[in-house]
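Residue-level listing of the chains:
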Amino acid sequence: MMCMRAWAWALVLFVACSKQSAPTGTERGPCTSDHTCSGGLVCLSDLCVRPPAGDCSQVAEALASVKLGNYASADQRTPLVASLRSQCDREELSVDDAKCLTAAKSKFEMSRCAKPLLPELVAMKNDKGGCKTVGARMEEMAKTEMSKDPSDPMNKMMPQLIEAVIASCNEDGWPDDVKGCIATADASNSHAAENCIEKMPSDVRDKFMKRIQTIMEGAMKDAAQPPTTPPAAMPPPTAPTTP
């Protein structure tokens, strides 16, 4: 009789535990058949668990530098860092997610991380054609080169030039090998972009260079025009004097 009671209790406990088990793929539930989990969980010993949280303070600082640069004022940087830290906490970045962002040396590398957070980085991640990524990478290479001479007038034309890169990539049909070459090029190599562009078919390269030439000629024309000076103010009319 005691033996039967023991088996009965064991059966009750087994059923109770089974009912309390979380659904497959969710936290504390069994892993799926291909040993994966949902919602950023990882499969350990066939159980879905949440990985250790990453350092959101470092993530926020790294992303703020991308957004504002390294020379922004404290008034600009402090609220952005706080906002990014909160976003990082909400999205529950893991240690690996955080390391990916803090170790990245460029916007392109950040966009390859699982959770890049910033809208512009997410757009690059979702850029199936790769042209936005190409534009961002060429911007990084150009800024690296122009940092040697901050007074270089090309700095002012940078937004127009990058827009021309993206437009040409999309509309002129840059080959995948050229896009891949630029996307993975070393930003510190000033000749990297040139080497990649040389791989373009001649007709595509000519169309691209024509876009760039048009921007350069427009900038030179604007620079050559003398500044306009407002006409001198006319003196107010004097009231006629009575004899």
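Above this note sits the structure.
A quick note: this is a predicted structure, and the numbers were derived from the prediction, not measured.

Moving on to the state of the cysteines. The tally for this structure, following the rule as stated, stands at six disulfides. Disulfide pairing places Cys56 opposite Cys88 at an S-S distance of 2.0 Å. Since a negative S-S torsion denotes a left-handed disulfide, the Cys56-Cys88 link at about -75° is left-handed. Taken as a pair, Cys56 in helix α2 (residues 56–68) and Cys88 in helix α3 (residues 74–90) lie far apart in primary sequence, 32 residues in all. With respect to burial, Cys56 and Cys88 carry one shared label: buried. The partner cysteine of Cys131 in its disulfide is Cys169, sulfur to sulfur 2.1 Å. The S-S bond linking Cys131 to Cys169 shows a torsion near -75°; that makes this disulfide left-handed. Taken as a pair, Cys131 in helix α7 (residues 131–146) and Cys169 in helix α8 (residues 154–171) lie far apart in primary sequence, 38 residues in all. Here Cys169 falls in the buried class, since its relative accessible area comes to 3%. By sequence-ordered numbering of the bonded cysteines, the chain has its disulfides arranged as 1-3, 2-4, 5-6, 7-8, 9-10, 11-12.

A word on the packing of α7 against α8. Following both chains from N to C, one finds α7 and α8 inclined at 150°, their axes separated by 9 Å at the closest point. Overall, the two elements α7 and α8 adopt an arrangement that is roughly antiparallel. You can see that α7 and α8 cross each other, and the crossing is right-handed. Side by side, α7 and α8 meet where Cys131, Lys132, Val134, Gly135, Met138, Glu139, Ala142, Lys143 and Met146 of the first sit next to Met154, Asn155, Met158, Ile162, Val165, Ile166, Cys169 and Asn170 of the second. Classifying every residue of the contact of α7 with α8 gives 11 nonpolar, three polar and three charged.

This part takes up helix α9 (residues 176–183). Every buried residue belonging to α9 is among Val178, Lys179, Cys181, Ile182 and Ala183, and all of these are buried. For α9, the elements touching its buried residues are α5 (107–111), α7, α8 and α10 (192–197).

Taken as a class, soluble globular proteins show a tendency for nonpolar side chains to be buried jointly. Counting residues in each nonpolar core, the largest one holds 24 residues, and the members touching the most others are Met138, Met141, Trp174, Ile182, Met200 and Phe208. At the level of elements, α7, α8, α9, α10 and α11 (202–224) are the ones that each hand at least two residues to this core. Considering each element in turn, this core owes the most residues, five residues, to α8. Among residues more than four places away in sequence, those in contact with Trp174 are Val134, Met138, Val165, Ser168, Cys169, Lys179, Ile182, Met200, Val204 and Phe208. Membership of the second largest hydrophobic core comes to 22 residues, among which are Cys56, Val59, Ala62 and Leu121.

Analysis parameters
Residues numbered from 1 in each chain as written. Predicted model: local features only at pLDDT ≥ 70, side-chain atom pairs only at ≥ 80, totals over all residues. Heavy atoms only, no water. Disulfide = S-S within 2.5 Å. Helix = DSSP H or I, 4+ residues; strand = E, 2+ residues; numbered from the N terminus. Buried < 20%, exposed > 50% of the residue type's maximum accessible area, 1.4 Å probe, protein only. Axes fitted to C-alpha atoms, helices over the stretch in contact; angles between N-to-C directions. Parallel < 35°, antiparallel > 145°, perpendicular 65-115°, else oblique. Left-handed = near helix turned anticlockwise from the far one by under 90°. Contact = heavy atoms within 4.5 Å. Nonpolar A, V, L, I, M, F, W, Y, C, P; charged D, E, K, R; others polar. Core = buried A, V, L, I, M, F, W, Y, C linked by side-chain atoms within 4.5 Å.

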